[in-house]
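# A structural walkthrough
Okay, here's what each chain looks like letter by letter:
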Amino acid sequence: APGNDYQAEDATISQGVVESNHAGFTGTGFVNYDNVAGSSVEFAVNAASAGPASLTFRYANGTTTDRPMSVAVNGTTVVASQSFPGTSAWTNWQEISVNATLRAGANTVKATSTTATGGPNLDRLSVGAPVDTQPPTA
Ligand code: GCU
């Protein structure tokens with residue numbers, strides 16, 4: 001739902017710049033993380049109630065090299081190294097979801113690059129119902 005979408009270009013950016021030169025982004029642009037470890041985007045997320053939620057990152061990685069990032073919620077790391085693999089072109093945007101527990105009201109969700117290549121280009125965070133990340137059993 002649009003109310004649960006948070007544009008990266010409106011978030012708090014450390015070591016990154018807002019750009020709009022690769023088509024297909026939502027909102028007015030995307031964040032190009034600097035190519036260093038530790039570059040980050042922090043979203044201010046409001047949750048109606050406490051509980052589990054999915055955090056879906058819309059991103060592009062026009063290289064063939066993974067651009068892993070850690071994901072932290074309210075200052076606590078929930079995924080130390082989430083893969084953001086290549087999407088084949090900077091104009092090809094894909095989504096990756098992780099689950100986390102939010103508290104009612106104000107939360108922070110921070111995605112920080114963990115390698116010297118920096119993060120991918122990040123378009124948006126969407127917050128929704130938790131997703132099933134378990135592989136199917138036989
Ligand atoms: C290119 C591309 C940028 C991207 C960068 C990178 O310069 O145009 O959008 O962020 O590569 O490798 O991080």
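The structure under discussion appears in the preceding block.
Here goes a summary of the coordinates provided. Only a predicted model underlies this, so the values are computations on that prediction, with no experimental measurement involved.

### Here we look at the pattern of salt bridges
Two side chains that carry opposite charge are able to pair once their charged atoms sit near each other. Throughout the structure, instances matching the rule amount to two salt bridges. A salt bridge links D123 to R58, with the nearest nitrogen and oxygen atoms 2.8 Å apart. Of the two residues, D123 is situated in strand β11 (residues 121–128) and R58 in strand β6 (residues 51–60); the sequence distance between them amounts to 65 residues. With a relative accessible area of 16%, R58 lands in the buried category.

### A word on the site of the ligand
The ligand sits among H22, N32, N35, R67, W90 and N121. N35 places a polar side-chain atom, nitrogen or oxygen, 3.0 Å from an oxygen atom of the ligand. One nitrogen or oxygen atom from the side chain of N121 is found 2.8 Å from an oxygen atom belonging to the ligand. About the coverage of the ligand: the protein hides 71% of its 310 Å² of free accessible area. Split by residue class, the shell around the ligand holds one nonpolar, four polar and one charged.

### Examining the side chain of R124
In this fold, R124 is placed in strand β11. With sequence-adjacent residues up to four places away left out, R124 is seen in contact with D5, Y6, Q7, A8, T26, T56, F57, R58 and E95.

### Considering the pairing of β6
Burial of β6 is extensive: nine of the ten residues sit out of reach of the surface. Bridge count for β6 against strand β9 (residues 94–102) is nine bridges, and the pairing is antiparallel. Bridged to L55 within β9 is V98. When β6 meets β11, the two strands line up antiparallel, connected through seven bridges. The partner of A60 across the bridge, within β11, is N121.

The rules behind the values
- Positions within a chain are numbered from 1, following the residues in the order the chain's sequence is written.
- Residues qualify for local features only when their pLDDT is at least 70, as the model is predicted, and side-chain atom pairs are given and counted only at 80 or more; totals for whole chains, interfaces and linings, by contrast, use all residues.
- Each side-chain value is derived from all of the structure's non-hydrogen atoms; neither hydrogens nor water enter the calculation.
- Salt bridge, as applied in this entry: a Lys or Arg side-chain nitrogen positioned within 4 Å of an Asp or Glu carboxyl oxygen.
- Secondary structure follows DSSP: runs of H or I at least 4 residues long count as helices, runs of E at least 2 residues long count as strands, and numbering of each begins at the N terminus.
- Exposure classes here rest on a 1.4 Å probe applied to the protein chains alone. A residue is buried below 20% of its type maximum, exposed above 50%, and partly exposed in between.
- For this purpose, a residue is taken to be near a molecule or strand whenever a single non-hydrogen atom of the residue falls within 4 Å of it.
- We call two N or O atoms a polar contact when they sit within 3.5 Å, provided that within protein one can donate a hydrogen and the other can accept it, with sequence-adjacent residues counted only if both atoms are side-chain atoms.
- Surface accessibility in these figures is a Shrake-Rupley result with a 1.4 Å probe; residues are shielded only by whichever protein chains are displayed.
- Polarity classes work like this: nonpolar for Ala, Val, Leu, Ile, Met, Phe, Trp, Tyr, Cys and Pro, charged for Asp, Glu, Lys and Arg, and polar for all others, with Gly in that last group.
- Throughout, a residue-residue contact means that at least one pair of heavy atoms, one from each residue, lies within 4.5 Å.
- Strand pairing is defined by DSSP finding a minimum of two bridges between the two strands.

By themselves these figures say nothing about function.
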